[in-house]
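These are the residues of each chain, in order.
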Amino acid sequence: MSNKKSFAKSQALFLKAQEHLVGGVNSPVRAFKSVGGTPLFFDRGQGAYVFDADDNRYIDYVGSWGPLILGHAHPKVIGDVTKTLNKGASFGAPCHLEIELAEMVKQAFPSMDLVRFVSSGTEAVMGAIRVARGYTQRNKILKFTGCYHGHTDSMLVQGGSGIMTLGIPGSKGVPDSFVKDTLVAPYNDVEAVRSIFNEFGNEIAAIIVEPIVGNMGCVLPENNFLQELRNITTQYNSLLIFDEVMTGFRSCFGGVQKDFGITPDITTLGKVIGGGMPVGAYGGRKDIMSMVAPLGPVYQAGTLSGNPVAMQAGISTLTELMKPDFYTNLLDNATQLEDGIKAIVADKGFTVNRYGSMITLFFTKTHVKDYDTAITSDTEAFAKFFWNMIENGIYIPPSQYESWFLSGALTKEDIKTTLAAINESINNN
Ligand SMILES: *Cc1c(COP(=O)(O)O)cnc(C)c1O
């Protein structure tokens, strides 16, 4: 590593930001608490690269935490969105773009007979849970430790180790009464799910799961876990909700449900389908979604839902994803990155998990299959690695427990540069 980078402008901005914004940020991980130091303030992005306020350039593996699968400022997306914006930002009334995006989403997710657009993944999950409860006339929801479903009260239940049958709030400000109907099991633990259903099965409205977890780092299902969840929910007349806010469009023009051939009752989407604008969606079987207002008694609404600018960003993004070879190239790069990282860390025995274009290098020798195994990672070593990567011009998520996201803008050369940086950053630790 040659010259140390200057972060003077980011540092000055962060000092000022803290006078006005809570913790200087508008979403907590951005504050770099788990890696220390000052968060980078970004000025602009272009394709695979982001530039910070001090004009340092990085190859970006965050992609705004998933949405930017085409890379930054994709000319087609920006051009289309600009044209749409010129016609007005929002009407609070129907527009034809909502139909177009819904058709594309349904083509990718045939399990979604009817779609409702909202403005974030959190909202999509809130809607999905409400309709699941309304449809089944049951209250309990089973989630998995270490899975993140946005910041809605009932989902802010973290697990400690082991099975926690009744929820304990993972955030101040969430009353116990709001989470008493949230049940928690370890991811990949079918036996725990079965025993919870043995006890509460007829009260459980739905299981909600990140079918492949991205939010404790990338963690894959094992031993037919997803099929078992499908079987158990069917047996008890509960619903299966796949939260594909992160996994949607990450490995194919569809989601984990397409890759694994498992059909959930309800799906939540976000991130990629908004192409960088605030969009979420939930949808599923017609009889279930017909419960939602104005068709049915489950209320859910939104001032900016389905607004033309956000719909256009989604349409333009998905249109690019449908081009031949988009996923072939993306997955080719992802495989090259995975193989390269595995070779670099072979002597250390670290774990590398990947699904499509999401990947996590865990600083642990333990096979990571759930929350308990994920937290065996050496987060201090990760923090050093993170800053070494920054010095080497690579921006990865500022936390061990996140997935890195590849974009279609990355070249083979970028991957090579990244691997060289990883090699240096690991061995300088
Ligand atoms: C990001 C995410 C959410 C929340 O989406 P927001 O748009 O941040 O509200 C929900 N579920 C999963 C799986 C996510 O990755």
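This write-up is about the structure you can find in this document. Numbers given to residues run from 1 along each chain, matching the order in which its sequence is written. Two thresholds apply to this predicted model, a pLDDT of at least 70 for residue-level local features and 80 or more for giving and counting side-chain atom pairs, whereas whole-chain, interface and lining totals are computed over all residues. Values shown for side chains rest on all heavy atoms present in the structure; no hydrogens or waters enter the calculation.

The end-to-end C-alpha separation of helix H10 (residues 308–321) is 20 Å, in line with the 20 Å expected for 14 residues at 1.5 Å each. Accessible area is worked out with a 1.4 Å probe on protein chains only. A residue is then buried under 20% of its type maximum, exposed over 50%, and partly exposed in between. For helices the rule is a DSSP run of H or I covering at least 4 residues; for strands it is a run of E covering at least 2, with both sets numbered from the N terminus onward. Among the 14 residues of H10, 13 are classified as buried, and the element is accordingly described as predominantly covered. Helices are assigned an expected span. That span is 1.5 Å times one less than the residue count.

Before going further, it helps to examine the side chain of Ser407. Mapped onto the secondary structure, Ser407 falls in the loop between strand S14 (404–405) and helix H14 (412–427). In what follows, a contact means two residues having at least one pair of non-hydrogen atoms within 4.5 Å. Those residues in contact with Ser407 that lie beyond four places of it in its chain are Ala48, Leu68, Ile69, Leu70, Gly71 and Leu330.

Once that is clear, we can look at the packing of aromatic side chains. What counts as a ring pair is set by centres within 6.5 Å for rings of Phe, Tyr and Trp (its six-membered ring), and what kind of pair is set by the plane angle: stacked under 30 degrees, edge-to-face over 60, tilted for all other angles. Per the stated rule, a full pass over the model turns up 20 aromatic pairs. Seen from their ring centres, Tyr61 and Trp404 are 6.3 Å apart, and the 55 degrees between their planes marks the pair as tilted. Here Tyr61 is found in the loop between strand S3 (57–60) and helix H2 (75–86), whereas its partner Trp404 is found in strand S14, with 343 residues between them in sequence. Judged by centre distance (5.0 Å) and plane angle (45 degrees), the rings of Phe350 and Phe363 are tilted. Here Phe363 lies in the loop between strand S12 (358–362) and helix H12 (371–374) and Phe350 lies in the loop between helix H11 (326–345) and strand S11 (351–355), a separation of 13 residues in the sequence. Through successive ring pairs, a cluster of aromatic residues spans Tyr61, Phe350, Phe363, Phe382, Phe385 and Trp404. Of note, Arg44 hangs over the ring of Phe51, and the distance from its end group to the ring centre comes to 4.1 Å. Either the NZ atom of lysine or the CZ atom of arginine qualifies as a charge over a ring when it sits within 6 Å of the ring centre and within 35 degrees of the ring normal.

Before going further, it helps to spend a moment on the pairing of strand S2 (residues 49–52). Burial along S2 is two-sided: the face carrying Tyr49 and Phe51 and the face carrying Val50 and Asp52 are both buried. In this description, strands pair whenever DSSP reports at least two bridges between them. Direction of pairing for strand S1 (residues 42–46) relative to S2: antiparallel, over a ladder of 4 bridges. If you follow Gly45 over to S2, its bridge partner there is Val50. Counting the residues between successive antiparallel strands, the hairpin from S1 to S2 contains 2 residues, one of them, Gly47, with a positive phi of roughly 60 degrees. By the bridge criterion, 3 bridges tie S2 to S3 in an arrangement that is antiparallel. When the sheet's bridge partners are listed, Phe51 is paired in S3 with Arg57. Linking two consecutive strands that pair antiparallel, namely S2 and S3, is a turn of 4 residues; a positive phi of about 70 degrees is found at Asp55 within it.

These values are about where atoms sit, not about what they do.
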